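Understanding the architecture of this molecule
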Amino acid sequence: MLVSMAAPRKINGDRRRRTSVGICIITIFCIGENSSLVHPTPVAHSSCCHNHRHAALTCGGVSSPFELMMSQDDETSSSPSAATTPSERSQRKAAQRARKERTQIQANSNKATSQHPDAVLKRHRLKEQQQSFVKNSRRKHNFAERANFLHQSEKINDEFDANLNAVRDNRLTNINIHPVENPYDQRTGDSNDGGSVHPLHSMAVAKLDRSSTTEDVVTAIKRAQNYHDIHDIREIAHFLLEEVDVSFAYGYRGSLFSRLAVASLHVNNHDIAERCITERRISHRSSMLPLESAAIVRGLLRCHYTKEAWEVLEDELSLPLEGWVDFHRSETFDDNEVHLEKESIRRQLEIRDRLVHRARSVGSIASRHFYEDEPTAAMNAIQKLKDMGSIVREAGLTAEDLGIPWDRLVKGAALCESKRRDGKWDINNEESGEDPSQWPCNIVYFVLDAMVAFPPENKDVTFEALCNALVRRTCFVTGAVGMDGCPEADRGEVAFIGRSNVGKSSLVNMLTNRKSLAFISKTPGKTQQFNYFAVNDKPDLARQIRYGDEVLGSKDRDSFYIVDLPGFGFAKVPQKQRQEWSDFMDEYLTTRETLRVIFHLVDARIGPTEEDAKIMHKVGAIIGSKQQRNHAKYVIILTKADKNVKSASSKNPGKVSESVRNKLCETMKANKVGYAPIVVTSAETRLGRDEVWRYLRLAAEQ
Ligand SMILES: Nc1nc2c(ncn2[C@@H]2O[C@H](COP(=O)(O)OP(=O)(O)OP(=O)(O)O)[C@@H](O)[C@H]2O)c(=O)[nH]1
Ligand SMILES: [Mg+2]
């Protein structure tokens, strides 16, 4: 009996239920027959004997939840003619097994046919057909609906305009004779204060009159711009320029004109734009905001009005940076001077904002000029950008803050340069105002100048564009072991010198954006000659060098040599050879007339070693001596700066410790090399590549 009460809690599935019930029956029989303590009551009997439902129902008819559950289970799981004898039971089990097998076989055969390649293909095709049908029908439906919608809305617009014109004509000509018949009574008519009403298509701002607010006008302009509503733009312009005087939207009038100018450029209504820009310039000069000027400049450039964009920009640039603050000054304020601090921060932010918008506008104008084949004008703009560099740096703005599209500028300049190489501006066309003789050997260098004047960007896409434009072809020319082995000195060249394994060859590869122009190795002393690499030489130079073929053509205007020198100070190289290299280097540095830049590479982790000091001494002596025939610039490059930071990346590309810098300055001073520029680089994170190019260009320019 106790077991039978516990049974329901154990029930989970048919089989378990039957087992527990079976145990139940046995237990009840045992206890019920042999014990006088417990009598099998009808409830117990009925609840336990699931195979004796009929018995339970006849014994009192009490239905506990357990009983109900069991009875339901019986109805679903057992056949009406439940087997009672063992043979019947085994027969039923056999039948069940056979049914199960049949079902399994059927399922397998279905699966086999459904997975047949033909069936799969057919299904796939059918699905595709269905999808394309649905897509097409949907598209057709959309097109039809859209066309219908556009047609309807155009019709409504035309109707509205026609009615409006009629109303206005009527009002203008017959205003004193007839009352105005206005089909849009709710929207138009003369206002109470005697001014005209300017009806709009907009639902939010149905009309503009003297009671309208600044917000109304702004909303109306935004909506008209979004919906390309020329009618509304005209009405707003009419309202702003002729209806209301300067007292309307006092302090914001200039902004309203800017917005309207941008909106009218958007809908190609240039007359209104011109009037707005002029009004803004003449009457609201003091409140011209840089953001708005930049928007107008962009709008004008979109319509190819570069000259007008320049005028707006010149206006903007002519405004002083009022209240210029020293960004590096740490001001201390008393408690009661907090407002002063706030004011100072506000001014700083304002100036930064102004600078950002100015720089972007100049960049946009320069880019437009490049793509319009006007390199001279573009270079003027770039010059302006370059002039802004120092002030932008002083304001502490970063490349991310500024967002100048350097890659676009570089590509634009490269486009002009390639056209120049193709002879586009060979004959001086006076009308175009282009004079290539005044340009640098490669226009891209002009952009590079501005780039390095600005905060460093270190963006791969920009550098790739730069490298593609400046290094179009490279070729290993020769490995010289003496002055006789050097190629003819017919162009500028740069030399990379430094300790063994300091990263000279890696730097050459990084600068030329080539993977294996110079041979790189972990083993020191790999470079054993003065390796000459020609940049931008004639296209088939490699064939000429390799096979001795006579190859026509000539080197480009901006070609130069890169010379990768053997590392000094490597102990495994025999003393005799080291002495030969040293003598060769002395002679080379002193007598090579076409040497434009000496890049001295120093490890950024350890600073200058004794060997470096010797080199500096040599260079110092050459610079100071009268026998120096070349005017080579001496530049120090700190390499492997990435090793000074943990997990270096493009965001954290590398650094140099203060102690290394100090040590370097002291060594430079001691060896009388003057104030040589110091560039921090990393071949891993590509830090400093554009800055090194700033000096490389000296070799390209004859
Ligand atoms: N992490 C890091 N490793 C660098 C950098 N530059 C060079 N290396 C590694 O330094 C090792 C030497 O580089 P090389 O460019 O062959 O040095 P080298 O000055 O030309 O050496 P020699 O030709 O023997 O004088 C190579 O294993 C480079 O991968 C760098 O900026 N960062
Ligand atoms: Mg090397």
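Up top you'll find the structure we're talking about.
In what follows, the accompanying structure is described. (Residues numbered from 1 in each chain as written. Chains lettered and ligands numbered in written order. Predicted model: local features only at pLDDT ≥ 70, side-chain atom pairs only at ≥ 80, totals over all residues.)

**Comments concerning the site of ligand 1**
Worth spelling out the cut-off: For each residue, a C-beta atom is positioned from the backbone; the residue is called near a molecule or strand if that atom sits within 6 Å of it. Three residue categories are used. Nonpolar comprises Ala, Val, Leu, Ile, Met, Phe, Trp, Tyr, Cys and Pro, charged comprises Asp, Glu, Lys and Arg, and polar comprises the others, including Gly.
Surrounding ligand 1, one finds 23 residues, the nearest of these being Gly503, Ser505, Ser506, Thr527 and Gly567. Its residues placed into classes, the shell around ligand 1 shows five nonpolar, eleven polar and seven charged.

**Here we look at the environment of Asp229**
The criterion, for reference: Strands here mean DSSP runs of E at least two residues long; helices mean DSSP runs of H or I at least four residues long; both are numbered from the N terminus.
Tracing the backbone shows Asp229 in the loop between helix H8 (214-226) and helix H9 (230-243). When the C-alpha atoms of Asp229 and Ser264 are compared, they prove to be 9.4 Å apart, with 35 residues separating the residues in sequence.

**Remarks on the sheet that holds strand S4 (residues 493-498)**
Applicable threshold: Should DSSP find at least two bridges between two strands, the strands are taken to pair. To get an axis, a line is fitted to the C-alpha atoms, and for a helix only the part in contact is used. The angle between two axes follows their N-to-C directions and goes from 0 to 180 degrees.
The strand order S3-S5-S6-S4-S7-S8-S9 describes an open sheet built from seven strands, whose pairing is mixed. Pairing within the sheet leaves two strands with one partner each, and these edge strands are strand S3 (474-480) and strand S9 (678-680). The sheet shows a mean angle of 25° between the axes of neighbouring strands, direction not considered.

**Description of H8**
Quick reminder of the rule: Residue count minus one, scaled by 1.5 Å, sets the expected span of a helix. Counting other C-beta atoms within 10 Å of each residue's C-beta, where C-beta atoms are placed from the backbone, gives the exposure class: buried for 20 or more, exposed for 12 or fewer, partly exposed between. The arc in question is the one traced by the directions running from the helix axis out to the C-beta atoms.
Helix length check: H8 (13 residues) gives 18 Å between terminal C-alpha atoms against 18 Å at 1.5 Å per residue, within 8%. Inspection of H8 places Asp216, Val217, Ala220, Ile221 and Ala224 among the buried residues, and these make up the whole buried set. Looking straight down H8, one finds its buried side chains confined to an arc of 130°; they lie on one side. Turned more than 90 degrees away from the buried face of H8 sit Glu215 and Asn226, all of them exposed.

**Some details on the packing of helix H12 (residues 290-302) against helix H13 (residues 306-318)**
The criterion, for reference: Roughly parallel means an angle under 35 degrees; roughly antiparallel means over 145; roughly perpendicular covers 65 to 115; every other angle is labelled oblique. Note on contacts: residues are paired as contacts if their backbone-placed C-beta atoms lie within 7 Å.
Contact geometry of H12 with H13 gives a least axis separation of 8 Å together with a crossing angle of 170°. By the angle between their directions, the pair H12 and H13 is classed as roughly antiparallel. Side by side, H12 and H13 meet where Pro290, Ser293, Ile296, Val297, Leu300 and Leu301 of the first sit next to Thr306, Glu308, Ala309, Val312, Leu313 and Glu316 of the second. When the residues that make up the contact of H12 with H13 are grouped by side-chain class, the tally is eight nonpolar, two polar and two charged.

**Some remarks on the pairing of strand S7 (residues 595-603)**
Judged by how many residues are buried, S7 sits mostly within the fold: nine of nine residues are covered. Alignment of S7 against strand S8 (residues 633-639), held across seven bridges, turns out to be parallel. Pairing of Phe599 across the sheet is with Val635, part of S8.

**What to know about the environment of Gly567**
With respect to the element layout, Gly567 can be found in the loop between strand S6 (560-564) and helix H22 (575-591). The class for Gly567 is buried, based on 25 C-beta atoms found within 10 Å. For the pair Gly567 and Gln528, spaced 39 residues apart in sequence, the C-alpha separation works out to 7.8 Å. Other than its neighbours up to four places away in sequence, Gly567 contacts Gly498, Arg499, Ser500, Asn501, Val502, Lys504, Pro524, Gly525 and Thr527.

**A look at unusual backbone geometry**
The residue Asn268 is not glycine, and still its phi comes out positive at about 60°. You can see Asn268 is positioned in the loop between helix H10 (253-266) and helix H11 (270-283). In this structure Asn268 comes out as exposed when scored by C-beta crowding, with 11 C-beta atoms within 10 Å. For Asn536, which is not glycine, the phi dihedral falls at a positive 60°. Positionally, Asn536 belongs in the loop between strand S5 (530-535) and helix H21 (541-547).

No statement about biological role is implied by the geometric values presented.
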